[in-house]
Amino acid sequence: QLVKDFNKKIEINGVMTIANDVPFTVASIAEELNLKGISLETARIASDKLLMKKILKENNINIPEFKEIFSGEEIKKLIEEWGEPIIVKPNDGRGARGVIRVTKNIDFNWAFLEAKKNSYSGRVIAESFLEGVQLSTESMIYEGKSYTAAISQRNYDLVEKYAPYMIENGGIIPADLDQNTTDSIEELITAVAKAMKINNNTIKGDLVITANGPYVIEFAARLSGGYLCTDQIPTSRGVDLVKETINLSLGKKLDIAELIPKDLCKIGIRYFFPKPGVVKSINGFSTLNRYKWILKKELNIKVGDIISNVVNHPSRVGFVHAKGKTFNEAQSRAIRAINEIKIEVADE
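Residues numbered from 1 in each chain as written. Predicted model: local features only at pLDDT ≥ 70, side-chain atom pairs only at ≥ 80, totals over all residues. Heavy atoms only, no water.

*Asks:* Sorry if this is basic, but what is going on with unusual backbone geometry here?
*Replies:* It is generally the case that most residues other than glycine have a negative phi and that most peptide bonds are trans. In this structure, the amide linkage connecting Glu84 to the following residue, Pro85, adopts the cis form with an omega of -5°. Relative to the elements of secondary structure, Pro85 occurs in the loop between helix 5 (72–82) and strand 2 (86–90). Backbone torsion omega between Ile173 and Pro174 reads -5°, so that peptide bond is classified as cis. You can see Pro174 is positioned in the loop between strand 7 (170–173) and helix 7 (179–195). Its identity is not glycine, yet Asn60 carries a phi of approximately 60°, on the positive side. Here Asn60 shows up in the loop between helix 4 (49–58) and strand 1 (66–69). Positive phi outside glycine occurs at Glu143, with the angle close to 55°. Here Glu143 is to be found in the loop between strand 5 (133–142) and strand 6 (145–155). (Helix = DSSP H or I, 4+ residues; strand = E, 2+ residues; numbered from the N terminus.)

And the structure:
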């Protein structure tokens, strides 16, 4: 009703979202006001990981084993069936909240309840863990075809340190992939879009490159946050997905040439993970400006703040984005920048 009232005062010409898992809200507004957007059916699929996986499986798209679970006891049985580790997570969570990498030495009941308390619907999903390079994709589906602006290679080298939580500590854009793998990912995303009945919309994917090719973890019918679409992709790939999404929501015809990525540079991303406790001092952050290859930096803590244990992605307190000519240069610069920041923390 609020949207309809607003539309009477100021006409709404389009609806879209960035970094918010609200496909049903966007689709509802589009339908109510007769605007361009995904259908309510597609929004329902994008909002329900179990339903999404069921549909992808029915369409012969490679996904990990999965099952809705209702107790910690079921986790034990799945580990015996699938092997360890397995992933237990909310059916409708985000930001890695409640995502647990479960091994035999983890309290199964705790893992189940941790996932459940982070689920809006109270539903919990378990899936087999896939070994391989983890990727994040950002694509525009236009007239049924996928145009992937960027594939990011996600970094999880701190996963043991923060176990059992699945914490990403950075990445590189674009990922270090050969052309055959890139082509197979594009074909996979097109197939996913078809299965989810997405003909014109952005789509964000979480994939794993296994020994048997790319597998889908999940997809979202939106653009990513974290400055990915506003800064990183335009800078490194020359594609302005935000602008193109606005054009799409307004019903404008897109220029395919504007969707084709270019290899302009590589960008390394790393996050800050101070020890838990009270922040006593922060040194080196402002002096990072002397490096021309630092594209963006952010630190969301100050002296006196209390740092909590890292349990999800919102626990990360800041980041650096470093530019490089090569994959390795961008990665090493991001790591160098993070290591130059000294955050002294005392126990509470």
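Following the structure, the description resumes.
*Asks:* Looking at this structure, I do not really get the pairing of strand 15 (residues 342–346). What am I missing?
*Replies:* Looking along a regular strand, one sees the side chains alternate between the two faces of the sheet. Of the two faces of strand 15, the one holding Ile343 and Val345 is buried and the one holding Lys342, Glu344 and Ala346 is not buried anywhere. Pairing analysis gives five bridges linking strand 11 (residues 277–283) to strand 15, with the strands arranged antiparallel. Of the residues in strand 15, the one forming a bridge with Asn283 is Lys342. (Buried < 20%, exposed > 50% of the residue type's maximum accessible area, 1.4 Å probe, protein only. Pairing = 2+ DSSP bridges.)

*Asks:* What is the right way to read the sheet that holds strand 10 (residues 266–271) from this model?
*Replies:* Within a sheet, adjacent strands bond to each other through the backbone by hydrogen bonds, running parallel or antiparallel. Strand order in this open sheet of eight strands is 9-8-5-6-7-10-14-12, and the pairing throughout is antiparallel. If you trace the sheet from one side to the other, it starts and ends with strand 9 (213–220) and strand 12 (294–299), each paired once. Each adjacent strand pair in this sheet contributes to an overall mean axis angle of 25°, direction not counted. As judged from the eight bridges shared by strand 5 and strand 6, these two strands associate in the antiparallel manner. When the sheet's bridge partners are listed, Met140 is paired in strand 6 with Tyr147. Its contacts with the sheet put helix 9 (residues 241–249) on strand 5, strand 6 and strand 8 (201–210), and the angle it makes with strand 5 is roughly 35°. (Axes fitted to C-alpha atoms, helices over the stretch in contact; angles between N-to-C directions. Contact = heavy atoms within 4.5 Å.)

*Asks:* Even after reading the chapter, I still don't get the pairing of strand 2, so can you show me in this structure?
*Replies:* The buried count for strand 2 comes to five of five residues, which makes it a mostly enclosed element. As judged from the three bridges shared by strand 2 and strand 3 (residues 100–102), these two strands associate in the antiparallel manner. Considered in strand 3, the bridge of Ile86 is made with Val102. Looking at chain direction, strand 2 and strand 4 (residues 124–128) are connected through five bridges and run antiparallel. In the strand pairing of strand 4, Val88 is matched with Ala126.

*Asks:* Just to check I follow, could you spell out a negative patch on the surface for this structure?
*Replies:* On the surface, a cluster of negative charge is contributed by Asp176, Asp178, Asp183 and Glu187. Within the element layout of this structure, Asp176 appears in the loop between strand 7 and helix 7. Here Asp176 falls in the exposed class, since its relative accessible area comes to 56%. (Patch = residues over 30% accessible without salt bridge, like charges linked within 9 Å, V, L, I, M, F, W, Y side chains within 5 Å. Areas by Shrake-Rupley, 256 points an atom, 1.4 Å probe, with all protein chains shown as cover. Salt bridge = Lys/Arg side-chain N within 4 Å of Asp/Glu carboxyl O. Lys, Arg positive; Asp, Glu negative; His and termini not counted. Charge placed at Lys NZ, Arg CZ, Asp CG, Glu CD.)

*Asks:* How do you make sense of helix 5 when you look at a structure like this?
*Replies:* A turn of α-helix holds 3.6 residues, and therefore any two residues three or four places apart point the same way. The complete set of buried residues in helix 5 reads Gly72, Glu74, Ile75, Leu78 and Ile79. Taken down its axis, helix 5 places every buried residue within 145° of arc, on the same side. Residues of helix 5 that are exposed and point more than 90 degrees away from the buried face comprise Lys77, Glu80 and Glu81. Against strand 1, strand 2, strand 3, helix 6 (108–117) and strand 4 lie the buried residues of helix 5. Following helix 5 by one or two positions, Gly83 adopts a phi angle in the positive range, close to 90°. (Arc of directions from axis to C-beta.)

*Asks:* Help me understand empty space enclosed by the protein in this model?
*Replies:* If a probe as big as a water molecule is rolled over the atoms, it shows which places are left empty. For the coordinates displayed, the defined rule picks out one cavity of 30 Å³ or more. Estimated volume of the largest cavity: approximately 30 Å³. When the residues that make up the lining of the largest cavity are grouped by side-chain class, the tally is five nonpolar, two polar and two charged. (1 Å grid on protein atoms, 1.4 Å probe; cavity = no way out; pocket = protein on both sides within 12 Å on 5 of 7 lines; lining within 4 Å. Points joined across faces, edges and corners; volume = space filled by probe spheres on them. Nonpolar A, V, L, I, M, F, W, Y, C, P; charged D, E, K, R; others polar.)

*Asks:* Hey, could you run me through the packing of aromatic side chains in this one?
*Replies:* Each aromatic ring pair is described using two quantities: the centre-to-centre distance and the angle formed by the ring planes. Tallied over the full model, the rule gives five aromatic pairs. Pairing Trp110 with Tyr165 gives two aromatic rings, centres 6.0 Å apart and planes at 80°, and the pair type is edge-to-face. Of this pair, Trp110 sits in helix 6 while Tyr165 sits in the loop between strand 6 and strand 7; the two residues are 55 residues apart in sequence, bridging distant segments of the chain. Taking the centre distance of 5.5 Å and the plane angle of 50° together, the rings of Tyr227 and Phe319 count as tilted. Taken together, the positions of Tyr227 in the loop between strand 9 and helix 8 (228–237) and Phe319 in strand 14 (residues 318–324) put the pair 92 residues apart, joining distant regions of the chain. Lying across the ring of Phe129, Arg101 places its NZ or CZ 5.4 Å from the centre. Between the NZ or CZ atom of Lys145 and the centre of the ring of Tyr147, over which it lies, the distance is 5.4 Å. (Phe/Tyr/Trp six-rings, centres within 6.5 Å; stacked < 30°, edge-to-face > 60°. Lys NZ or Arg CZ within 6 Å of the ring centre and 35° of its normal.)

Note that every value here comes from positions in space, so none of it alone points to a role or purpose.
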